[in-house]
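Next come the chains, spelled out residue by residue.
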Amino acid sequence: MGKKVWKKLAACIAVMSMILCMLPVSAFAQEDTPETYVALGDSITSGYGLSEDESAFPALVAETCGLTLDNQGIAGATSADLLAGLGDGSLKVAGADVVTITVGGNDLMDALYTYLANQYNASVPGGAMTAETVQTALMTGDTAMLAFAMGVVPSFASSTEAKTALAGFGVNLAGIIKAIRLQNQEAMIIFVTQYNPYKYFAEHITVPLEQIKTQAQALASAFELGVQAMNAVILQTEGQAGCFVADGYGVIAAAEEDPCNAAFDMASMKFNLDFHPNAYGHQLIAEEVSGVVNTIKQLSAALEAQIAVIQGLTALTEVDQKTAETEESAKAWAETLISGVLAEGVTAEVQIVDFEAAQAGDKENAEGKDGSFKIAVSLAYGEFEISDAVVIDTRITAEEYTEPEPPKTDLPYTDVDEDSWFYAEAKYAYEKGLMTGMDETTFGPEVILPRAQFATILYRMEGEPETEFEEKFLDVADGQFYTLPVMWAEEAEVVTGYTNGNFGPSDPINREQMATMMFRYANYLGLDTSQRTDDMDFPDVSYVSDFAQEAMSWCVANEIITGDNGNLNPQGETNRAVCATIIIRFYKCYGL
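Quick caveat, the model's predicted, so the values are computed rather than measured.

A.B. asks: What's the story with the overall build of the protein chain in this structure? I'm lost.
C.D. replies: What the protein chain contains, in helices and strands, is 22 helices and ten strands. Burial status across the protein chain gives 49% buried among its 592 residues. By sequence separation, contacts in the protein chain at least 24 residues apart represent 73% of the contacts at least 6 residues apart. As displayed, the protein chain has an accessible area near 27400 Å², and 49% of this comes from carbon and sulfur atoms.

Here it is in structure tokens:
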């Protein structure tokens, strides 16, 4: 399974509330009933070009994962075709546990053929090519048309035809998700990213003619730009309404032998531009999709196990409290307690937290008579590690209680003192009125920051300029605390929202999104944002999304973002303490 998909899934475990909204936990609840798998999409799904004894990737996935397959793939289907089929009921997903979708390749190719026809007709007197005749010429190896295409295809990615296709593709994907959910609320939806069918061919072509090699490489390079743009749209579906993404692009790009049908025939001196995967390519895609399916199945089971264990442990601690004389006796008691509520397949490691503080007492919770310590329970299920904690009251006598020292701070918050690593940043944000607390006495340094709150912070940084509500995003209504900040941020081109028309006000903001908004805000202020770094020396730099590349380079160059435990962590969620730190670094960078 692709590293990016794995990171996304693993990150989900840390925040159960997000998982329960994102993952159809009940999809695999009945283990004795075969799960149903509906494969939707284009000729990749239908297995175009394979022989009778070869299997398309959906059949391989079904066999690997023990699913009952209903392959509804349609050769030549575009995203508009899928949306129409789901709308008129000719494509059915009701009752499915898994839905995979391969789509976008024909959207891209149709736009390319139209672009080539328009370019040909504009440059050749009397030219009367259509998208269909261009396609036929290229697919039959017409060398004259291929030579013409090689001359103009590098500009395709920035063409009107490509931009129109991408915009329509994004709208259609949002509609496809909605249409599936109208038929089926619980199925996991897995989109497969598009691949470059000419990459391996261009890198390994062995013909003696340099011109042919140059043409193959030009074709692969031009196609790469279109595929990357298409995949940027597909990746935005991840996390929406139970959607996941399988990295079809990555596994084809890393193939050890040719995964597609493209070739050059020396006898006829013609290219075969067939972009479909061969049997080996289907096997690679199947392994990636199967990995995602099995990971989600394990995740679903892990979540159910976690809920059962924590609920059982909490119920037991309510009726069986322990007088703890030593940390060792507390741990032994906790391990005995937990062993009785572990679900099948779950292991637990117990750690006692803050026992010495418990012996000092906890005046607020135990009125000066009892202290409290925490049992930190690290649960593991298969490949997943999940942590949670339950508070257990000890029987500490009043004589052992000592009044805790108040935090050293000039701030009204009880969870920030002068020894906190983020103290200066939190104080700056408080004094400038940029960040208010969770309440009058709580800053909430570890609380994950939603997108709406960060837009509000930028709005305050700008002095809360006057603006009015307009229906710019489907999920931003009038009268919310973030309404005017989001309106201003959109007008200032600081935020753009998702391709499905939403802003995602409650979505946690990740590090690359924050970097992008800060970069756009700096440009809005007219500041010099030309600084870049050529040394993004982080092991996870490849995970930075295309839209955030420039902003991340600017942030690293100006030390606004300095890394996260040696990583850039572009998709990592940002808490309030980190947000305050990034803001003060921005101000110091520009002397504001």
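A.B. asks: Is there a simple way to explain the environment of Met 461 in this structure?
C.D. replies: Relative to the elements of secondary structure, Met 461 occurs in helix α18 (residues 451–461). Since its relative accessible area comes to 11%, Met 461 is described here as buried. Considered as a pair, Met 461 and Gly 433 are 28 residues apart in the sequence and their alpha carbons are 8.5 Å apart. Aside from chain neighbours lying at most four places away, what touches Met 461 is Leu 434, Tyr 521, Ile 583, Phe 586 and Tyr 587.

A.B. asks: Got a minute to help me understand the pattern of salt bridges in this structure?
C.D. replies: Should the charged atoms of two oppositely charged side chains come close, the side chains can pair. A complete count under the given rule lists six salt bridges for this structure. In this structure, a network of salt bridges that share partners links the residues Lys 472, Glu 490 and Glu 491.

A.B. asks: Sorry if this is basic, but what is going on with the packing of aromatic side chains here?
C.D. replies: Working definition: an aromatic ring pair is given by the centre-to-centre distance plus the angle between the planes. On inspection of all chains with the given rule, the structure shows 20 aromatic pairs. Consider the rings of Trp 488 and Tyr 524, whose centres lie 5.7 Å apart with planes at 90 degrees: the pair is edge-to-face. Here Tyr 524 lies in helix α20 (residues 511–524) and Trp 488 lies in helix α19 (residues 483–491), a separation of 36 residues in the sequence. What makes Trp 488 buried here is its relative accessible area of 4%. Their ring planes at 75 degrees and their centres at 6.1 Å tell us that Phe 586 and Tyr 587 sit as a pair that is edge-to-face. Judged by its relative accessible area of 0%, Phe 586 is buried. Three or more aromatic residues joined by ring pairs form one cluster here, namely Tyr 428, Tyr 459, Trp 488, Phe 519, Tyr 521, Tyr 524, Trp 554, Phe 586, Tyr 587 and Tyr 590. One residue, Arg 576, lies across the ring of Phe 443, its end atom 4.9 Å from the ring centre.

A.B. asks: Looking at this structure, how should I read the nonpolar core?
C.D. replies: Within the largest apolar cluster, 64 residues are counted, with the highest numbers of intra-cluster contacts made by Leu 40, Val 99, Ile 101, Leu 138 and Ile 180. Ranked by the residues each element gives to this core, the list is headed by helix α11 (residues 210–235), at ten residues. In this structure, Leu 411, Trp 488, Met 514 and Tyr 587 belong to the second largest nonpolar core, which totals 59 residues.

A.B. asks: Quick question: what am I supposed to make of empty space enclosed by the protein here?
C.D. replies: If a probe as big as a water molecule is rolled over the atoms, it shows which places are left empty. Applying the stated criterion to the full structure yields six cavities of 30 Å³ or more. Considering only enclosed or pocket space, the largest cavity measures out at about 130 Å³ in volume. Every residue lining the largest cavity is counted, 14 residues in all, and those nearest its centre are Ile 44, Gly 105, Gln 194, Tyr 195 and Phe 275. Going through the elements one at a time, α3 (43–46), α6 (105–123) and α11 are the ones with two or more residues in the lining of the largest cavity. Its residues assigned to classes, the lining of the largest cavity comprises eight nonpolar, five polar and one charged. Empty space within the second largest cavity amounts to approximately 90 Å³. Around the second largest cavity sit 14 residues that line it, and Met 109, Leu 112, Leu 138, Leu 219 and Leu 273 are the ones nearest its centre. Among the secondary structure elements, those contributing two or more residues to the lining of the second largest cavity are α6, α7 (131–139), α8 (143–152) and α11. The greatest single-element share of the lining of the second largest cavity, amounting to four residues, is contributed by α6. Classifying every residue of the lining of the second largest cavity by side-chain character gives 14 nonpolar, no polar and no charged.

A.B. asks: Got a minute to help me understand the sheet that holds strand β3 (residues 98–102) in this structure?
C.D. replies: Within a sheet, adjacent strands bond to each other through the backbone by hydrogen bonds, running parallel or antiparallel. Spatially, five strands are ordered β2-β1-β3-β4-β5 in an open sheet, and the strand pairing comes out parallel. For this open sheet the edge positions go to β2 (67–71) and β5 (243–246), each flanked by a neighbour on one side alone. Going from strand to strand, the sheet's axes swing by 25 degrees on average, the running direction of each strand aside. Examined bridge by bridge, strand β1 (residues 35–41) and β2 share five bridges and lie parallel to one another. Bridging across to β2, Glu 35 finds its partner in Leu 67. Strands β1, β2 and β3 of the sheet are contacted by helix α4 (residues 57–65), whose axis makes an angle of about 165 degrees with β2. Packing against the sheet, helix α9 (residues 160–183) makes contact with β1, β3, β4 (188–192) and β5, and its axis sits at approximately 155 degrees to β4.

A.B. asks: Can you help me understand the packing of α8 against α11 in this one?
C.D. replies: For the pair α8 and α11, interaxial distance at closest approach is 10 Å and the crossing angle is 55 degrees. Considered as vectors, α8 and α11 are oriented oblique to each other. The chirality of how α8 crosses α11 is left-handed. Contacts from Leu 146, Ala 147 and Met 150 in α8 reach Gln 215, Ala 218 and Leu 219 in α11. Tallied by class, the residues present in the contact of α8 with α11 amount to five nonpolar, one polar and no charged.

A.B. asks: Could you clarify how one ought to interpret the pairing of β1 in this entry?
C.D. replies: On a regular strand, one side chain projects to one face of the sheet and the next to the other, so that they alternate. Judged by how many residues are buried, β1 sits mostly within the fold: six of seven residues are covered. Both β1 and β3 contribute to a ladder of five bridges, which runs parallel. Within β3, the residue paired with Ala 39 across the bridge is Thr 100.

A.B. asks: So what exactly am I meant to see when it comes to helix α22 (residues 576–590) here?
C.D. replies: At 3.6 residues per turn, the α-helix brings residues three or four places apart onto the same side. With 15 residues, α22 extends 22 Å between its outermost C-alpha atoms, agreeing within 8% with the 21 Å of an ideal straight helix rising 1.5 Å per residue. When we look at burial in α22, the residues that qualify are Arg 576, Ala 577, Cys 579, Ala 580, Thr 581, Ile 582, Ile 583, Ile 584, Phe 586, Tyr 587 and Tyr 590. If you follow the buried residues of α22, they end up packed against α17 (423–431), α18, α20 and α21 (549–557). One side-chain oxygen at the N-terminal end of α22 lies 3.2 Å from the backbone nitrogen of Ala 577; it belongs to Asn 575. One or two positions beyond α22, positive phi appears at Gly 591, with a value near 60 degrees.

Cut-offs and rules
- Residues numbered from 1 in each chain as written.
- Predicted model: local features only at pLDDT ≥ 70, side-chain atom pairs only at ≥ 80, totals over all residues.
- Heavy atoms only, no water.
- Helix = DSSP H or I, 4+ residues; strand = E, 2+ residues; numbered from the N terminus.
- Buried < 20%, exposed > 50% of the residue type's maximum accessible area, 1.4 Å probe, protein only.
- Contact = heavy atoms within 4.5 Å.
- Areas by Shrake-Rupley, 256 points an atom, 1.4 Å probe, with all protein chains shown as cover.
- Salt bridge = Lys/Arg side-chain N within 4 Å of Asp/Glu carboxyl O.
- Phe/Tyr/Trp six-rings, centres within 6.5 Å; stacked < 30°, edge-to-face > 60°.
- Lys NZ or Arg CZ within 6 Å of the ring centre and 35° of its normal.
- Core = buried A, V, L, I, M, F, W, Y, C linked by side-chain atoms within 4.5 Å.
- 1 Å grid on protein atoms, 1.4 Å probe; cavity = no way out; pocket = protein on both sides within 12 Å on 5 of 7 lines; lining within 4 Å.
- Points joined across faces, edges and corners; volume = space filled by probe spheres on them.
- Nonpolar A, V, L, I, M, F, W, Y, C, P; charged D, E, K, R; others polar.
- Pairing = 2+ DSSP bridges.
- Axes fitted to C-alpha atoms, helices over the stretch in contact; angles between N-to-C directions.
- Parallel < 35°, antiparallel > 145°, perpendicular 65-115°, else oblique.
- Left-handed = near helix turned anticlockwise from the far one by under 90°.
- Expected span 1.5 Å × (residues − 1).
- Polar contact = N/O pair within 3.5 Å; in protein donor to acceptor, adjacent residues only side chain to side chain.

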